[in-house]
Amino acid sequence: MAVTLVFLGKLADLAGVSDKQLEGPLDWQGLCDELQGPLADAVKQDRTRIAVNGQVLADKTSLSAVDGDEVALLPPVSGG
Amino acid sequence: MARDVRLLTQPFNPGQFVGPFTNAHPGLGGVCTFVGEVRGDSGVEALELLHYERLTLPGMEKLADSAIERFDLMGMLIVHRSGVMHVGEPIVLVSAAAKHRREAIEAVDFAMDHLKSDSWFWKREKRADGWHWIEPREQDHDDLARWAQ
């Protein structure tokens with residue numbers, strides 16, 4: 001078991017993959033340490049949100065994921 | 001059939017959904033339907049919408065529920081595409097059935113504004129030089145803000 005990071009939208013392009021496994025536990029600082037360059041900048045941007053197991057965090061810096069969790073990184077949306 | 005919300009990965013024919021939706025609400029006073037298609041902008045070869053399984057459909061269902069409650073609808077239909085689309089293909093269909101016309105019209109406007117800039121989709125366009133991610137325009141945020149009042 002591990003924490004699964006899912007990259008949505010342009011974050012998948014920046015990461016070069018659509019998902020990635022990390023060893024848990026994972027908090028905001030641990031996530032920031034894991035990401036580099038433009039990907040890290042995009043994830044830290046105000047309008048990028050984080051969801052854990054389908055629940056969007058009100059404050060992404062409160063991230064606290066353990067093995068088995070799915071952590072989705074959600075850049076600004078555009079539909080319709 | 002108060003709420004019918006679907007996320008499709010293949011092209012669809014809007015008429016196929018609107019007929020049964022209308023028939024499912026006998027006694028309605030009005031049905032308003034909007035269909036959004038891939039615009040024939042110069043240079044755009046294709047459009048791709050991506051979604052996230054855990055959030056996108058549940059979010060659309062919540063949106064339909066809030067429109068039904070806010071506008072006192074008899075029913076709401078939302079069909080949204082995901083995947084690669086070409087010019088002229090439908091992207092989204094929203095239909096509202098109500099006792100009175102204004103509620104139906106406003107509910108569709110409300111749902112579309114939320115689908116454009118407050119739903120879990122990511123859009124990119126393919127041009128001659130490759131794919132480009134599209135973020136909501138300022139106008140989309142202004143359109144959405146109207147409903148907060």
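Here goes a summary of the coordinates provided.

The rules behind these values
Residues numbered from 1 in each chain as written. Chains lettered and ligands numbered in written order. Predicted model: local features only at pLDDT ≥ 70, side-chain atom pairs only at ≥ 80, totals over all residues. Helix = DSSP H or I, 4+ residues; strand = E, 2+ residues; numbered from the N terminus. Buried ≥ 20, exposed ≤ 12 C-beta atoms within 10 Å, placed from the backbone. Contact = placed C-beta atoms within 7 Å. Nonpolar A, V, L, I, M, F, W, Y, C, P; charged D, E, K, R; others polar. Core = buried A, V, L, I, M, F, W, Y, C linked by C-beta atoms within 7 Å. Pairing = 2+ DSSP bridges. Axes fitted to C-alpha atoms, helices over the stretch in contact; angles between N-to-C directions. Parallel < 35°, antiparallel > 145°, perpendicular 65-115°, else oblique. Left-handed = near helix turned anticlockwise from the far one by under 90°.

### Concerning the environment of A:Ile50
Residues and elements named next belong to chain A. Along the polypeptide, Ile50 turns up in strand 4 (residues 49-52). Overall, the presence of 21 C-beta atoms within 10 Å leaves Ile50 in the buried class. Sequence separation of Ile50 and Val17 is 33 residues, and the distance between their C-alpha atoms is 17 Å. Those residues in contact with Ile50 that sit more than four places away from it in its chain are Leu57, Lys60, Leu63, Val71, Ala72, Leu73 and Leu74.

### Topic: the interface of chain A and chain B
Contacts between chain A and chain B engage 12 residues on the former and 21 residues on the latter. By residue class, the composition of the side of chain A that touches chain B is 6 nonpolar, 5 polar and 1 charged.

### Let's talk about the nonpolar core
A:Leu8, A:Ile50, A:Val71, A:Ala72 and A:Leu73 are the most contacted members of the largest nonpolar core, which has 29 residues in total. For A:Leu8, the residues in contact, after removing those within four places along its chain, are A:Ala72, A:Leu73, A:Leu74, A:Pro75, B:Leu50, B:Tyr52 and B:Trp122. Counting 26 residues, the second-largest nonpolar core is a separate cluster that includes B:Ala67, B:Phe71, B:Met74 and B:Ala96.

### Let's talk about the sheet that holds strand 1 (residues 3-8) of chain B
All names here are of chain B. Spatial strand order, 1-4-6-2: 4 strands in an open sheet with mixed pairing. Lying at the two open borders of the sheet, with one neighbouring strand each, are strand 1 and strand 2 (30-37). Across the sheet, the mean angle separating the axes of adjacent strands is 5° when strand polarity is ignored. Of the strands in this sheet, strand 1, strand 2, strand 4 (75-81) and strand 6 (90-98) are in contact with helix 1 (residues 14-23), which crosses strand 6 at around 15°.

### A look at the packing of helix 2 (residues 56-70) of chain B against helix 3 (residues 101-117) of chain B
All names here are of chain B. Close contact between helix 2 and helix 3 brings their axes to 10 Å; oriented N to C, the two are set at 150°. Between helix 2 and helix 3, the angle falls in the class roughly antiparallel. In the packing of helix 2 onto helix 3, the handedness of the crossing is right-handed. Judged by residue contacts, Leu63, Ala67 and Arg70 of helix 2 engage Ala107, Phe110, Ala111 and His114 from helix 3.

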